[in-house]
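Each chain is listed here by its residues.
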Amino acid sequence: MRQFLFNRSMFANLCGLVLVLVSQFTLAELTIEITKGQDNPVSIAIVPFEWSGEDLIPEDMAEIISEDLYRSGQFGPMERKNMLSFPHKADQVHFRDWRMLGAEYLLIGQINFDTDKQRYEVAYDLYNVPTGQRVIAGTFSSNKKNLRSAGHAISDRIYAKITGIPGNFSTRIVYVTENTLKVDGKSKKQYRLEVADADGHRVRNLLRSDEPILSADWSADGENIAYVSFESDRPAIYIQQLKTGERTLVSSHRGLNSAPDWSPDGKKLALVLSKDGNPEIYTIELATKKLTRITNHFAIDTEPRWLPDGKALIFTSNRGGKPQIYKLTLASGAVERLTFEGDYNARAQVTPDGRFLVMVHRNEGLFHIAVQDLKRGVVRVLTETVLDESPSISPNGTMVVYATQIGKRGILAAASVDGDVKMRLPSSSGNVREPAWSPVIEH
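Numbering of residues starts from 1 in every chain and runs along the sequence as written. Local features are withheld for residues below a pLDDT of 70 in this predicted model, meaning they are given only at 70 or higher, and side-chain atom pairs are given and counted only at 80 or more; totals for whole chains, interfaces and linings count all residues. Heavy atoms from the whole structure form the basis of all side-chain values; hydrogens and water molecules are not counted.

### Looking at the overall build of the chain
Next up, step 1: For the chain, the count of helices and strands is 4 helices and 32 strands.
Next up, step 2: For a compact globule the rule gives 2.2 Å times the number of residues to the power 0.38, and the radius of gyration it is set against comes from C-alpha atoms. The C-alpha radius of gyration computed for the chain amounts to 23 Å, which stays within 12% of the reference 22 Å derived for 443 residues, consistent with globular compactness.
Next up, step 3: With the C-alpha coordinates of the chain rotated into their principal frame, the extents come out at 75 × 55 × 45 Å.
Next up, step 4: Only protein chains enter the calculation, and the probe is 1.4 Å; a residue is then buried if its accessible area is under 20% of its type maximum, exposed if over 50%, and partly exposed in between. A buried classification covers 54% of the 443 residues belonging to the chain.
Next up, step 5: Should any heavy atoms of two residues lie within 4.5 Å, those residues are considered in contact. Intrachain contacts of the chain at a sequence separation of at least 6 include 46% that bridge at least 24 residues.
Next up, step 6: Using a 1.4 Å probe, the Shrake-Rupley method yields the accessible areas, and only the shown protein chains count as cover for residues. Summed over all atoms, the accessible surface of the chain reaches about 19,900 Å², with 48% contributed by carbon and sulfur. Strands here are runs of E lasting at least two residues and helices are runs of H or I lasting at least four, both read from the DSSP assignment and numbered beginning at the N terminus.

### A look at the layout of surface pockets
Next up, step 1: Taken as a whole, the largest pocket encloses approximately 740 Å³ of empty space.
Next up, step 2: Looking at the lining of the largest pocket, the elements that each hand over two or more residues are strand E12 (213-218), strand E16 (257-262), strand E20 (301-306), strand E24 (344-350), strand E28 (389-393) and strand E32 (431-437).
Next up, step 3: Residues were grouped as follows: Ala, Val, Leu, Ile, Met, Phe, Trp, Tyr, Cys and Pro as nonpolar; Asp, Glu, Lys and Arg as charged; and all remaining residues, including Gly, as polar. For the lining of the largest pocket, the per-class residue count stands at 22 nonpolar, 10 polar and 6 charged. Definitions used throughout: a 1 Å grid over protein atoms alone; a cavity as a set of points that fits a 1.4 Å probe which cannot get out; a pocket as an open set with protein on both sides within 12 Å along at least five of seven lines; a lining residue as one with an atom within 4 Å of a point. Grid points are joined across faces, edges and corners, and a volume is the space filled by probe spheres set on the points.

### Description of the side chain of Asp-210
Next up, step 1: Structurally, Asp-210 is set in the loop between strand E11 (204-209) and E12.
Next up, step 2: Classification of Asp-210 as buried rests on a relative accessible area of 14%.
Next up, step 3: Among the polar contacts listed, one links the side chain of Asp-210 to the side chain of Lys-188, at a separation of 3.3 Å. Each polar contact in these results corresponds to two N or O atoms within 3.5 Å; when the atoms are within protein, one needs to be able to donate a hydrogen and the other to accept it, and residues that are neighboring in sequence are counted only if both atoms are side-chain atoms.

### A closer look at the sheet that holds strand E25 (residues 356-363)
Next up, step 1: Strands pair, by our definition, only if DSSP identifies at least two bridges between them. Spatially, E24-E25-E26-E27 is the arrangement adopted by the 4 strands of the open sheet, whose pairing is antiparallel. Among the strands making up the open sheet, the edge pair consists of E24 and strand E27 (379-381). For this sheet, the mean angle separating the axes of adjacent strands, direction not counted, is 30 degrees.
Next up, step 2: Where E24 lies against E25, 5 bridges are found, and the strand directions are antiparallel. What sits directly across from Tyr-344, in E25, is Arg-362. Helix axes are fitted to C-alpha atoms over the stretch in contact, other axes to C-alpha atoms as well, and angles between N-to-C directions run from 0 to 180 degrees.

### Quick notes on the nonpolar core
Next up, step 1: Only buried Ala, Val, Leu, Ile, Met, Phe, Trp, Tyr and Cys residues count toward a nonpolar core, and they belong to the same one when joined by side-chain atoms within 4.5 Å. Counting residues in hydrophobic clusters, the biggest one holds 25 residues, and the most contacted among them are Phe-49, Ile-65, Leu-69, Leu-107 and Ile-158.
Next up, step 2: For this core, the secondary structure elements donating two or more residues are strand E3 (42-46), helix H2 (61-71), strand E6 (105-114), strand E7 (119-128), strand E8 (133-142) and helix H4 (147-163).
Next up, step 3: Of all the elements, H4 adds the most residues to this core, at 6 residues.
Next up, step 4: Dropping the residues within four chain positions of it, Phe-49 is found in contact with Met-61, Ala-62, Ile-65, His-88, Leu-107, Ile-108, Gly-109, Gln-110, Ile-111, Val-122, Ala-123 and Tyr-124.
Next up, step 5: Residues Val-176, Trp-218, Ala-236 and Leu-242 belong to the second largest nonpolar core, which totals 17 residues.

### Here we look at the packing of aromatic side chains
Next up, step 1: Under the pairing criterion, centres of Phe, Tyr and Trp rings, with the six-membered ring standing for Trp, must be within 6.5 Å; the plane angle then separates stacked pairs below 30 degrees from edge-to-face pairs above 60, leaving the rest tilted. Inspection of the entire model under this criterion finds 9 aromatic pairs.
Next up, step 2: An angle of 25 degrees between the planes, with centres 6.3 Å apart, marks the rings of Tyr-227 and Tyr-238 as stacked. Of the two residues, Tyr-227 is situated in strand E13 (residues 224-229) and Tyr-238 in strand E14 (residues 236-241); the sequence distance between them amounts to 11 residues.
Next up, step 3: A residue is classified by how much of its surface remains accessible, and Tyr-227, at 0% relative accessible area, is buried.

### Focus on the pattern of salt bridges
Next up, step 1: Salt bridge, as used here: a side-chain nitrogen of Lys or Arg that lies within 4 Å of a carboxyl oxygen of Asp or Glu. Applying the stated criterion across every chain, the model contains 25 salt bridges.
Next up, step 2: Arg-293 is paired through a salt bridge with Glu-280; the nearest N and O atoms lie 3.2 Å apart. On the criterion of sequence distance, the pair formed by Arg-293 in strand E19 (residues 291-293) and Glu-280 in strand E18 (residues 280-285) is long-range, its members being 13 residues apart.
Next up, step 3: You can call Arg-293 partly exposed: its relative accessible area is 36%.
Next up, step 4: As a salt-bridge pair, Asp-373 and Arg-355 come within 2.7 Å of each other at their nearest N and O atoms. With a gap of 18 residues between them, Asp-373 in strand E26 (residues 366-373) and Arg-355 in the loop between E24 and E25 connect regions that are remote in the sequence.
Next up, step 5: The partly exposed category is assigned to Arg-355, whose relative accessible area is 25%.

### As for the confidence of the model for the chain
Next up, step 1: Predictor confidence is given residue by residue as pLDDT, running from a minimum of 0 to a maximum of 100. Looking at the chain, pLDDT values average 90 and 93% of them are 70 or higher.
Next up, step 2: Within the model, the stretch residues 1-25 combines pLDDT values under 50 with 81 contacts to residues more than four positions away or in other chains.

### As for empty space enclosed by the protein
Next up, step 1: If you walk through the whole model with that rule in mind, you get 3 cavities of 30 Å³ or more.
Next up, step 2: In this structure, the largest cavity spans a volume of roughly 260 Å³.
Next up, step 3: The wall of the largest cavity is formed by 21 residues, among which Arg-71, Asn-168, Phe-169, Met-399 and Trp-437 lie closest to the centre.
Next up, step 4: Here the lining of the largest cavity is composed, by residue class, of 11 nonpolar, 7 polar and 3 charged.

### Comments concerning the environment of Val-272
Next up, step 1: Along the polypeptide, Val-272 turns up in strand E17 (residues 268-273).
Next up, step 2: Under the relative-accessibility criterion, Val-272 is labelled buried at 0%.
Next up, step 3: For the pair Val-272 and Asp-309, spaced 37 residues apart in the sequence, the C-alpha separation amounts to 21 Å.
Next up, step 4: Excluding its chain neighbours within four sequence positions, the residues that come into contact with Val-272 are Leu-256, Asn-257, Ser-258, Ala-259, Pro-279, Glu-280, Ile-281, Asp-301, Thr-302, Glu-303 and Pro-304.

### Re the pairing of E25
Next up, step 1: Hairpin geometry of E24 and E25 is characterised by an intervening segment of 5 residues between the two adjacent antiparallel strands and by a positive phi of about 75 degrees at Gly-354.
Next up, step 2: Sheet analysis places E25 next to E26, joined by 8 bridges and oriented antiparallel. Among the inter-strand pairings, Asn-363 is bridged to a residue of E26, identified as Leu-366.
Next up, step 3: Count of turn residues in the E25/E26 antiparallel hairpin: 2 residues, of which Glu-364 carries a positive phi of about 55 degrees.

### Description of the packing of H2 against H4
Next up, step 1: At a closest axis distance of 9 Å, the pairing of H2 and H4 adopts a crossing angle of 45 degrees. Between H2 and H4, the angle falls in the class oblique. Crossing of H2 over H4 shows right-handed handedness. The residues of H4 that touch H2, namely those facing Met-61, Ile-64, Ile-65, Asp-68 and Leu-69, are Leu-147, Arg-148, Ala-150, Gly-151, His-152, Ile-154, Ser-155, Ile-158 and Tyr-159.
Next up, step 2: Its residues assigned to classes, the contact of H2 with H4 comprises 9 nonpolar, 3 polar and 2 charged. To sort the angles, those under 35 degrees are grouped as roughly parallel, those over 145 as roughly antiparallel, those from 65 to 115 as roughly perpendicular, and the leftovers as oblique. The sense of a crossing depends on the near helix, which, turned anticlockwise from the far helix by less than a right angle, makes the crossing left-handed and, turned clockwise, makes it right-handed.

This is how it looks when you write it as structure tokens:
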């Protein structure tokens, strides 16, 4: 589970079995349950979009946007049954009705099908209800497959306009599911690497294996995923293209090959190797396969993560006696300890603005996800569950997705960095772990 401990125990005994790139089993779609939201969410009315086609509307655009904004924990979409009218154009809007209902914002729109281009044209208008002024408007052209993407993009624009922060809705999450199957009367574990939209829909299987899959990480352009696979006689690091499914073996040295992390420019991976005896951090240039050793210490150095500017790495090390987070400046090689509170801090990641450190934090024997303000040094625990692990920060830096356990079942959960919003993301089948949040993906 926790990679720092896992490296020493499980990586030593590997037995590769068969991999299949297309799963024959039901994909583990995520459902999202809000367990805590803001006390005073923004009230927004999202009217069903007008549809001009002859067939049934391919996607309920208003429902997609409503669910997106609700899941952020910061919006309270109005239920359709409470709406007094269903306008689609500006001259059909009676703001007095919406003010009476307490709506702060109103979204209306239309979906038209262009038979010549075989494209769907999506138009929307967002209004400030108290003032009656239009706030934003826009159009999207989409094929049928990507209509959900258009909905997520509209959600992003609304969220950004109202909160001043970019949205996370046009993103994806990659994760690993574990299922127990019965084969010839015997129980057998199966692991699957799956990717889904941030709302849990459009699940796609990337890899199926009889051996564990770990440490998935997205490239900055969202087109490739690096991960650790146990399919051969040693753990190995692969890169897989999302569009084609093509896989490339990056590192398969003797001993550990673990914890890949993409550099911000996409040209390198940071990784952990023990080919020379002790787990150390290296970087590898993907074009040339040139390895550069970054750490050289008798302790265990693992779980490297690039800082947003690409000039430094943070990593986990027990060089102080117990696992803590350190920062290594690449130009000088200088190492600085960052964490001091708690007897275990690991699996750290820094928010895109460089302000906060999110990590697995143990205090009094319990593992939680915590955030540390790197300017002030203050640590705040975000989660109330136990056995929390593998935090991954959203591209706008506001949310953290992580793996946890409810009862005997492994699920994903998420929390806002400020602690105001919390949610659970159980899957439709199996245990889920090792989440990684993508950058914003353009469709």
